[in-house]
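For reference, the chains in residue letters:
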Amino acid sequence: MAKAVELGLSRVAFSAVLFLYLLPLSAVVYGHSLTSWLFLIAFCAVSFFSWFAFKIVSSHNQKLTAADHSGLFVAPRMWLYLTAAGYCTIKFPSILSASSALISGNISQVMLANAVNRYSGDFTGGSVVDVLALIFLFAFYCFWGSRIGIRTKGVMKWFPLFFALFSFFIESLALARAGFLLALLCYFVEAIIRSNRWIENSSVIKMSKLGFGIAAVAISIFIFSAYFRVSDLPNAWEIVFGKMANYSIASHDLFFLWFSSSDLSDLNWGLGSFTFVYKLAGIEFEQGFYEPMISKFGSSNLYLNLRGLVNDFGLPISLSLWCLNLLFISYCTYSALTPIKYYFLRCSLAFLLFPFYSPFFFTNFSVGFVASGIALIVFSRYRFKRSARLVV
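A few points on the structure. (Residues numbered from 1 in each chain as written. Predicted model: local features only at pLDDT ≥ 70, side-chain atom pairs only at ≥ 80, totals over all residues. Heavy atoms only, no water.)

### Regarding the nonpolar core
So the rule is basically this: Definition of nonpolar core: a set of buried residues of the types Ala, Val, Leu, Ile, Met, Phe, Trp, Tyr and Cys, connected through side-chain atoms within 4.5 Å. Burial classification: accessible surface area is computed with a 1.4 Å probe over protein chains only, and a residue below 20% of its type maximum counts as buried, one above 50% as exposed, and the rest as partly exposed. By the criteria applied, helices consist of DSSP H or I runs no shorter than four residues and strands consist of E runs no shorter than two, each listed in order from the N terminus. Contacts were defined at the residue level, with two residues in contact if any of their heavy atoms lie within 4.5 Å.
Counting residues in hydrophobic clusters, the biggest one holds 93 residues, and the most contacted among them are Phe43, Tyr141, Phe255, Leu306, Trp322, Leu352 and Phe365. A total of 11 residues in this core trace back to one element, the largest contributor, which is helix α8 (residues 177-194). Setting aside chain neighbours within four positions, we find Phe255 in contact with Leu25, Phe39, Tyr303, Leu304, Leu306 and Arg307.

As structure tokens, this is what we get:
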């Protein structure tokens, strides 16, 4: 069999489908209605069809190899300094508060006080200032991810990691877990695109270790921000692990609960998946997230990005879009990336890798993600030439 079936981006895409969607959905579908089982069967069929279609096409060309995107649209290092400085300037009062809490040792009290304001305003920030700070943060992580193929020395080698830990601490005190996870999403989207050739040449064991490492980081982020909020309670760890299930696999269970009783005759045409477009257009609609429901793992309002997709476009169109998205990501594995293809690839990966909601539900993420992508394309120090994959 041709090596092409093991190509980089396609491996990431289908691994994400398997571990973020198929396995969790299969684990919770028992006890749900027949319509939920039928959806799972259809979803599996479409996902595996996409994989087999790419496998068949790639196997007919024994010379296919993953394209090298490592030097494509790389952000100058000055952009990292500027976005980090913008974030710190805007968050300066929060930084002072965090420093005071760290010195006095009352971090848990500060996090508990911040919990009151967690759901005011935007989901990942309670004020316009916080939203603007997150836009700078998302741009920083996009620029950092674009430089993953660039070897650096000295301060630049450690500065992004130091700032990542620093911003994690600041956002955790504000209980902005979603904001920091979206920042990590920005980094991984850009890093995965640049690592296309490296992923192809990596063994399954190496990729598995990397996957477990990423999962450990995500879990650590949640535990750190959740534990200090309830650290004074005797059953703190029980609450933390219950919340962890509530914010992860409960979303798959809730999706089936919603799907079993949903009326798909009244479609929203993108409102649940690309909400920021409606906001920018000035179209008014009900703010907030979905209404909480009781799942097998407790009350939650997370329903997967699949709910927004199905509710927006109906089941046939949604499954078709899902299939096309996977095929497009796989196609970009061995295709040279024009600016347009690169831009849509970023969006496709972001939607796939963030299963809780559509990431484009969040206006601050959408603005930061869109603006940073435009900046990388227009002002990057690398230019694209149609006759070559990469011109430095």
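### Some remarks on the packing of helix α12 (residues 250-261) against helix α14 (residues 305-334)
Applicable threshold: Between N-to-C directions, angles span 0 to 180 degrees; the directions come from axes that are lines fitted to C-alpha atoms, helices contributing only their stretch in contact. Here the word oblique covers every angle except those under 35 degrees (roughly parallel), over 145 (roughly antiparallel) and from 65 to 115 (roughly perpendicular). Left-handed describes a crossing whose near helix is turned anticlockwise from the far helix through less than a right angle; right-handed describes the clockwise counterpart. Each residue is assigned to one class: nonpolar for Ala, Val, Leu, Ile, Met, Phe, Trp, Tyr, Cys and Pro, charged for Asp, Glu, Lys and Arg, and polar for all the others, Gly among them.
Between α12 and α14, the least distance of the axes is 10 Å, while the angle of their chain directions is 25°. The angle between α12 and α14 places the two elements in the roughly parallel class. Every pair of crossing elements has a handedness; the one defined by α12 and α14 is right-handed. Counted together, Phe255, Trp258 and Phe259 of α12 and Leu306, Arg307, Val310, Asn311 and Leu315 of α14 form the full contact between these two elements. Broken down by class, the residue content of the contact of α12 with α14 amounts to six nonpolar, one polar and one charged.

### Considering the pattern of salt bridges
Worth spelling out the cut-off: The salt bridge definition used is simple: a Lys or Arg side-chain nitrogen within 4 Å of an Asp or Glu carboxyl oxygen.
Per the stated rule, a full pass over the model turns up three salt bridges. In this structure, the salt-bridge partner of Glu190 is Arg194, at a minimum N-O distance of 2.3 Å. Highlighted residues: Glu190 and Arg194, both in helix α8, separated by four residues, approximately one helical turn. For Glu190, a relative accessible area of 0% corresponds to the buried category. Glu190 is the salt-bridge partner of Arg346, the closest N and O atoms lying 2.5 Å from each other. Taken as a pair, Arg346 in helix α15 (residues 339-353) and Glu190 in helix α8 lie far apart in primary sequence, 156 residues in all. Overall, Arg346 belongs to the buried group, its relative accessible area being 0%. If you follow the salt bridges from partner to partner, you end up with Glu190, Arg194 and Arg346 in one network.

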